[in-house]
Every structure is written in C-alpha cells, then in structure tokens.
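Per-entry structural report
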Amino acid sequence: MNTSQIGAVYARVSTEEQTHGISLQQQTAQMLHYASVNGIEVPDAYRFAEQVSGYTNTREFYDEIRGLVAAKHITALIVYSSDRYTRDPVHGDIFRKELRLSGVTLHVVSEGGQVDITSPMGQFMRRQMDNFNWFWGQMIKQTAMEKKKAYTDASIPYVSGFACYGYERVGKRLDAHLVTVEDEAQTVQRIFSWYEQGHTVSQICELLRGVPTPGDRVRNPKRKRQPGEWNPSTIHKMLTDTTYRGVYYANRSVVVEDATGRKMRQKGKDPMPITVPALVSDEVWYRVQQKLTDNARGGGRSKTSKHEFLLTARSKCRHCGGSVSGNMASSGKAYYRCNRRYMHKTYTESGCDFMPVRVDTTDPLVWEVVKELLAHPDRVRAVLETGQEKQRTQGRAIEAQLLELDALCAEKESMLKGYSRAIAGEYARSNPNTHTIQALQVQCDDLTTSLEDIQKRRIPLLAQLDEKVISQRYIEDAVSYAAEIRDHLETASFELQREIIDRYDMRFEFELCDEFTAVVYLQWHIWEYDITVFRPGASHADLDNRNVSNPS
Ligand SMILES: [Zn+2]
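Presented here is a report on the structure given in the accompanying data block. The structure presented is a predicted model; accordingly, all values stated were derived computationally and were not measured.

1. A few points about the coordination of the zinc ion
- Donor atoms from the polypeptide that bind the zinc ion are C317 (SG), C320 (SG), C338 (SG) and C352 (SG), placed at 2.2 to 2.3 Å.
- Coordination at the zinc ion is tetrahedral: its 4 donor atoms span angles of 95 to 120° at the metal.
- Coordination of the zinc ion draws on donor residues from a single chain, spaced C-x2-C-x17-C-x13-C in sequence. Of this pair, C317 sits in strand β13 (residues 315-317) while C352 sits in the loop between α11 (347-350) and β16 (357-358), and the two are 35 residues apart along the sequence.

What follows is the structure, encoded as structure tokens:
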C-alpha cells in the first residue's frame, strides 16, 4: 500500500440530477472510503463537491483542482464515476493530459479504482467513455426536442401521445399521418352543429352522455369522471381547435431554459401550420367561433326575455357541478336553476338537490357584496396579493414534482447506461452471445420508451406553472379600476354591474341549505363570500310539475 499519496475527491451533480440516488454526500462517502482503503490521504481542503452541469467547463471547484494538479499538490484524483468530471469529450482529453503531465493518477470508484490514462489503449478507452457519457447526457436532454423537430419538418402532426379526438395517427415515424376515425368524426360534427343551433356546452355534454369521451381512450386511474361522461371544458376546447377545420399548428409552445437552467413553457414564436383532414367546413368553424365570442360577451341577457341575470354563465351548482343559469318560469318569474337538474323530468332522476332561487332576490344581494369589496381598493389589493402568494406556493409544489420526474429520469438513465455497457461488454467477447445482446437491447428500448413517457408527463406540469398567474400588473390594474369606478357603484346600471363582474372574473356557486334558504358563494381568487338568499317554499314535486321553458 502506498501511503505517500495525496488525493483530491471531486463530486458533482447537475440540477437535473440533484435528487438522483447518487447524491453529493453519497459520492463523497464512497470516494473517501475508497481513498482510505487504498491509502490515499485526502485533506479536508481537497474535498470538493458542486452542483453544476457536466457540460460546463468553468466550474469553481473543478478549476481549483486543475490548479492543484498543475502545482503538483496532489498525486491522485478520485471521482465517483467517469461522467462526474466531464461530459465533454474534448475537455476530457485536455484534462487527462493535464493529469498525465503532472503525474496524477485518476481513480474512478464505480469502475473499481485507478484507470489507465497513459497507454494508447487506455486513452482510447477513456475517449470512448467520454463519448458515451456525452451521448447519454445529450440523449436525455435532446431526445424529445429533436424528435419533435424532425417530425414537424416532415409535416407530421401529433409528435407524441394521442392524435386528437376524431383522428388516428397511422404509419410509423416519418410516414405517419392522420386519418379520421368515422364515429368520432361524426361526434365532432354533431358537437359543432349543436352549438351552432344554440345548444349550450353543458347541454351538449348531456346530449352526448354515454358516447365515449376523448379521455376514455386513456387509462387513467385517477380520473373522476365515468366513461361516457363529458366535461364542458372538453367540448369548449374542441369547439376552438383549429385542427377540426384542417389546420394543426406545430410548435404552438416551446420549452425553454432560463439562466438558472429552469425549464419553462413559452408561447412558440412561429407556430407551423400542418394540413390535416378537416372535419367541419371553414364556414361552420367560423360561425361557431363568432358564437363563442358573442356568448362570452353577451352572457347574462336572455334571448327569450327582457330579463337581466347578473350571474348567468358564471355560476355552478354545488350539488352536482352543473351550470346554473337564469331563466323564466311559466309563472313569469325569473329563477336561477341548475341546468343539469332541469335536463331531467324529475329531480330524483337528475341526482341533484338544488331548487331554483328567485333572480330578483339574489342579484341585489350579490351586487351589495361586490360593491362593498370594490369600495375598498386596499381590500382588492389584499385579496389579490394573498392569492399571488398562494400561487407561488403551489408553483413550488409543482416544481417539486418536476424535480421528482427529473430524478426518475436520472435513475432510468443510469440503468440504460448499465445495460449499454453490458451490450458493449458482450460485443467485446470473442464469441458474443446474440441472445444476450437481444435481451439487453429489449431492456434498453423499454427504458428509452419510459424516459420519453416521463418527458411527456413533465409537459402538463410545465403548462400548469404558466397558467393563470396573478401578475403584479394584473393587481395594479384591478386596484386602479376599483378606484376609478368607486363613485359610480351606487348608480351602476345592469350593464356596468355585469361588466365589473366579468372584468374581475368573479364566479358563483349555488347551494340549497333547506327548503327556504339557499347560499350563493361569490368566489374571487382566494376570497369566498357566502350570501344567504331566502326562497319561497316550494317542493321538488311542485317544481317538477311546473311547465319549464327550455333553459338558455
Ligand atoms: Zn345541480
């Protein structure tokens, strides 16, 4: 045993690897154990660990080590695995030359000890290892992006995952193209035509009950909805999807890295249109878009009567999740009703317990609360700022989930590397066993697929991070608008009231407490205010017998 050796240990993790099984502490522990077993003395000052990408060559501690090497302060350098000191093949060569010139030995713990960096064969092997490390690192980083680009360049839509509802992707890789799925295409066409005829999105959901939904194609154990139960947001998304008029946009969004290496999803700079089979005519598609815009703007005024409903198109039923909208009973009085409840003949059939409340008792009470909030711009600010803070906390939770996925990636990556090494080892034998190689190749393919799956799972999370962020600008706008309209609140017309509610994007939920009382929950960001509304007693049976006009 040579006790005259002085060594340095260098541990590294990249941001992507920071929760990886081989943590900095574990690497260091392994290296120090190796050093003590092999009689290499490692002074405290020579124990280096940093969190930085293996592709960067300017690393603080790494540079210090190069200094130690040049000054011949050490005779041995210990790393945990060969990809720790660099992932850059060119740099690996330079660095090993520096080690050679100063007579410093390189020890790689995961490879069992000192490695040959002097003989031509040894240098050749090291270079192969560098290339390999570079390749896998890049693979993990680039696979998804490069694949996507190749597909887009070849005008192939739907790079990963399912083709959207109504279509199926046929053909492999670069021969892939979309074909329509007959029964799904018909459903899409029915949805567009129903909407054009004046059905609401939630009515369409009811009309489609039992027809397999897009989500039914994906096995998801966490899914809350039953098969055949349509979600209004699905319908809404379909109605606005340009794919159905024959134009799919690739690169609608891109994942970018900021200065700290954090990945973010951004709006793509130049979305690239790709032609796909159209399911609806341009004419129908644009009429539907017009209608969607009109409805978003003009919600609140019923087409069949002069009555004004402050809460229509912004309200939900707390009993069943159906939408609540205002409409006229045959008595001539206006009510807020749960639409799902009224799609059915009897309330037992609907499974919803909500009973209508009078619009003329509800709206003034709600307006009082809105007025009270807006009369205090500082309160508006407080609500929004608290909401902003809450979003930040949720953002951190999503980031944590992303880190977990990264760790999983790293784990699969290292397994993949192991199998690949085994394949190389098998090839290196005098008579390689092709069965072994095949079996290992299958494992590699599996791992590559699951790595791609993990990448796919990151995307919705990244999108979530971007969604609905309360910006400082939004807060300032909301506060100054409140200050601006403060003096007009007392005399506000229905239009102004509705505009204010729309502008602040307030939401409402209705719940029945008992036969005579209902509660309207005004929800605005983190703020929820419950408003008790009294309703004249009427039983479910009474209301079922009443001749109800079509909910609108
Ligand atoms: Zn309901």
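From this point, the narrative continues.
2. Notes on helix α12 (residues 359-374)
- The end-to-end C-alpha distance of α12, which contains 16 residues, comes to 22 Å, matching closely the 22 Å that a straight helix rising 1.5 Å per residue would cover.
- Among the residues of α12, those classed as buried are V359, T362, D363, V366, W367, V369, V370, K371, L373 and L374.

3. Topic: the packing of aromatic side chains
- This structure, assessed with the given rule, holds 10 aromatic pairs.
- Ring plane angle 10° and centroid distance 6.1 Å describe the contact between Y167 and Y244, whose orientation is recorded as stacked. Of this pair, Y167 sits in strand β7 (residues 167-170) while Y244 sits in the loop between α8 (232-239) and β9 (247-250), and the two are 77 residues apart along the sequence.
- Judged by its relative accessible area of 1%, Y167 falls in the buried class.
- Summarising the aromatic geometry, the rings of F354 and F510 are spaced 5.8 Å apart at their centres and angled 75° between planes, so their arrangement reads as edge-to-face. Of this pair, F354 sits in the loop between α11 and β16 while F510 sits in strand β17 (residues 507-514), and the two are 156 residues apart along the sequence. An identical accessibility class is assigned to F354 and F510; each is buried.
- An aromatic cluster of three or more residues is present, and its members are F309, Y336, F354 and F510.
- Over the face of the ring belonging to Y521 we find R318, whose NZ or CZ atom lies 3.5 Å from the ring centre.
- The side chain of R503 reaches across the aromatic face of Y481, ending 3.8 Å from its centre.

Rules and cut-offs
- Residues numbered from 1 in each chain as written.
- Predicted model: local features only at pLDDT ≥ 70, side-chain atom pairs only at ≥ 80, totals over all residues.
- Heavy atoms only, no water.
- Donors = N, O, S within 2.8 Å, 3.2 Å for Na, K, Ca; no water.
- Tetrahedral: all angles 85-135°; square planar, octahedral: opposite > 155°, others 65-115°.
- Helix = DSSP H or I, 4+ residues; strand = E, 2+ residues; numbered from the N terminus.
- Expected span 1.5 Å × (residues − 1).
- Buried < 20%, exposed > 50% of the residue type's maximum accessible area, 1.4 Å probe, protein only.
- Phe/Tyr/Trp six-rings, centres within 6.5 Å; stacked < 30°, edge-to-face > 60°.
- Lys NZ or Arg CZ within 6 Å of the ring centre and 35° of its normal.

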